[in-house]
Amino acid sequence: GRIGIILNAVGVIFVHKFNIVVRTITYIISIALPIIIIFLEYKNINIIKMIKISIAKIYFSLGNMKKAKNILLEIIEKDSNNYNAHMILAEIYEKEGGLRKAIDEYVICIEINKKDYDSYYKVATLLCDLEKKDEAIEMLSNLIEKKPDHYNASLTLSDLLIDKGQYKEASSVLIEAIKYNPTSFELNYELGIVCTMLNDFKSAKEYYEKAAELNSLKYNSKYNLAQIAMLYKDLDLAEKYFEQTIEDEDLSADSYD
């Protein structure tokens, strides 16, 4: 009997304290929530839109593109300059294969945020996918003019120019890019290729040597150095570089020939 009385007493005390905690938390929330809402409104942050954007992201991650798009289009209908909604919509269209629609959305993102350089680059890569390489070149050129240290833009632009046989233009792009990334293997190696195409073997040798120095595992640089050495009839140096490429399975057959 006494044990039962004690347990009942403990239960009453626990429930009483629990109710106090609940009431305290409720009281704090009732005060804090309006303050948070007022602060968000002052900062021009729409909490409802933020929640909807989060829900759209969840649907997107779960692969339910239809529901995600419906939410995003509803947001855009009421707020045409909602950057996040346009960005997620662009990613959805891209994933679905609607590249033109994706480009349109990325362009809107750029119009909303002029410094959205990643969207500039994204538009260029999508234009390449659509075989609109001249437009991609123009887009990348504009991007590099605005942000000359954009590494991927410089590499992609140089690749496109090389494909079109515009080696001098590609050289100019790479030389400018290497100012910001002097220790880039890719930029030095590509400059070596461009200089070779321009028959500037002295400069090509310098860039290949730099590339080989930056990444000793990239035997292509040494293979090209060997070929340049042969052009200069420096057979001992050519043999040295060819020997270094033998370790690379992809190049070893050519090195033995």
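All of these numbers come straight from a predicted model, not from anything done at the bench.

> Hey, could you go over the overall build of the chain for me, with residue numbers and the actual values?
When you go through the chain residue by residue, the secondary structure sums to 14 helices and zero strands. In the chain, the order of α-helices and β-strands from amino to carboxyl end is α-α-α-α-α-α-α-α-α-α-α-α-α-α. Counting every position in the chain, which comprises 257 residues, the buried fraction comes to 35%. Accessible surface for the chain amounts to roughly 16,400 Å². Of this, 56% is attributable to carbon and sulfur atoms.

> If you had to explain the environment of Asp-134 to someone new, which residues and values would you point to?
The residue Asp-134 is located in helix H7 (residues 133–146) in this model. Residue classification places Asp-134 among the exposed positions, given a relative accessible area of 51%. Sequence-wise, Asp-134 and Lys-164 are 30 residues apart; in three dimensions their C-alpha atoms are separated by 9.6 Å.

> Just give me the short version of the packing of helix H5 (residues 99–112) against helix H6 (residues 117–129), but keep the residues and values in it.
Here H5 crosses H6 at 160 degrees, and the two axes come no closer than 9 Å. Classified by the interaxial angle, the pair formed by H5 and H6 is roughly antiparallel. Considering only the axes of H5 and H6, their crossing is left-handed. Of the residues in H6, those in contact with Leu-99, Ala-102, Ile-103, Tyr-106, Val-107, Cys-109 and Ile-110 of H5 are Ser-119, Tyr-120, Lys-122, Val-123, Leu-126, Leu-127 and Asp-129.

> Any details on the packing of helix H9 (residues 167–180) against helix H10 (residues 185–197)? Residues and values, ideally.
Remark: H9 packs on H10, axes separated minimally by 10 Å, with the N-to-C direction vectors making an angle of 150 degrees. Here H9 lies roughly antiparallel to H10, going by the angle between them. In the packing of H9 onto H10, the handedness of the crossing is left-handed. On the side of H9, the interface is formed by Tyr-167, Ala-170, Ser-171, Leu-174, Ile-175, Ala-177 and Ile-178, while H10 contributes Leu-187, Asn-188, Glu-190, Leu-191, Val-194 and Met-197. The residue makeup of the contact of H9 with H10, split by class, is 10 nonpolar, two polar and one charged.

> Tell me what's going on with unusual backbone geometry, and back it up with residues and numbers.
One non-glycine residue, Glu-131, lies in positive phi territory at about 65 degrees. Looking at the secondary structure, you find Glu-131 in the loop between H6 and H7. Classification of Glu-131 as exposed rests on a relative accessible area of 60%. Unusually for a residue other than glycine, Asn-199 sits at a positive phi of about 60 degrees.

> Can you tell me about the nonpolar core, naming the residues and giving the values?
Taken as a class, soluble globular proteins show a tendency for nonpolar side chains to be buried jointly. Among the nonpolar cores identified, the biggest contains 49 residues, and Leu-72, Ile-92, Tyr-106, Val-123, Met-139, Leu-140 and Leu-157 are the most heavily contacted of them. Ranked by size, the runner-up nonpolar core spans six residues in total, among them Phe-185, Tyr-189, Cys-195 and Ala-204.

> Explain the pattern of salt bridges to me, using residue names and the numbers behind them.
All chains considered together, the criterion is met by 10 salt bridges. For Asp-149, the salt bridge goes to Lys-147, with nearest N and O atoms at 3.3 Å. Judged by relative accessible area, Asp-149 falls into the partly exposed class, the value being 36%.

> Give a detailed account of the environment of Glu-91, specifying residues and quantitative values.
Structurally, Glu-91 is set in helix H4 (residues 83–96). In this structure the C-alpha to C-alpha distance between Glu-91 and Phe-60, which are 31 residues apart in sequence, comes to 9.3 Å. The contacts of Glu-91, once residues within four sequence positions are left out, are Phe-60 and Tyr-106.

> An account of the side chain of Ser-158 is requested, with residue identities and associated values reported.
Within the secondary structure, Ser-158 sits in helix H8 (residues 151–163). In terms of polar contacts, Ser-158 uses its side chain to reach the side chain of Glu-190, at 2.6 Å.

> Could you give an account of the confidence of the model for the chain, with specific residues and numbers?
For the chain, the average pLDDT comes to 80, and 66% of its residues sit at 70 or higher. Across residues 249–257, where pLDDT falls below 50, the model places 12 contacts with residues more than four positions away in sequence or in other chains.

> Give me the lowdown on H8, citing residues and values where you can.
Along its 13 residues, H8 runs 19 Å from first to last C-alpha, staying within 8% of the 18 Å computed at 1.5 Å per residue. Those residues of H8 that fall on the buried side of the exposure criterion are Ala-153, Ser-154, Leu-155, Thr-156, Leu-157, Ser-158, Leu-160, Leu-161 and Ile-162. On its buried face, H8 is in contact with H6, H7, H9 and H10. Positive backbone phi, approximately 75 degrees, marks Gly-165, located one or two places after H8.

The rules behind these values
- Residues numbered from 1 in each chain as written.
- Predicted model: local features only at pLDDT ≥ 70, side-chain atom pairs only at ≥ 80, totals over all residues.
- Heavy atoms only, no water.
- Helix = DSSP H or I, 4+ residues; strand = E, 2+ residues; numbered from the N terminus.
- Buried < 20%, exposed > 50% of the residue type's maximum accessible area, 1.4 Å probe, protein only.
- Areas by Shrake-Rupley, 256 points an atom, 1.4 Å probe, with all protein chains shown as cover.
- Axes fitted to C-alpha atoms, helices over the stretch in contact; angles between N-to-C directions.
- Parallel < 35°, antiparallel > 145°, perpendicular 65-115°, else oblique.
- Left-handed = near helix turned anticlockwise from the far one by under 90°.
- Contact = heavy atoms within 4.5 Å.
- Nonpolar A, V, L, I, M, F, W, Y, C, P; charged D, E, K, R; others polar.
- Core = buried A, V, L, I, M, F, W, Y, C linked by side-chain atoms within 4.5 Å.
- Salt bridge = Lys/Arg side-chain N within 4 Å of Asp/Glu carboxyl O.
- Polar contact = N/O pair within 3.5 Å; in protein donor to acceptor, adjacent residues only side chain to side chain.
- pLDDT = per-residue confidence, 0-100.
- Expected span 1.5 Å × (residues − 1).

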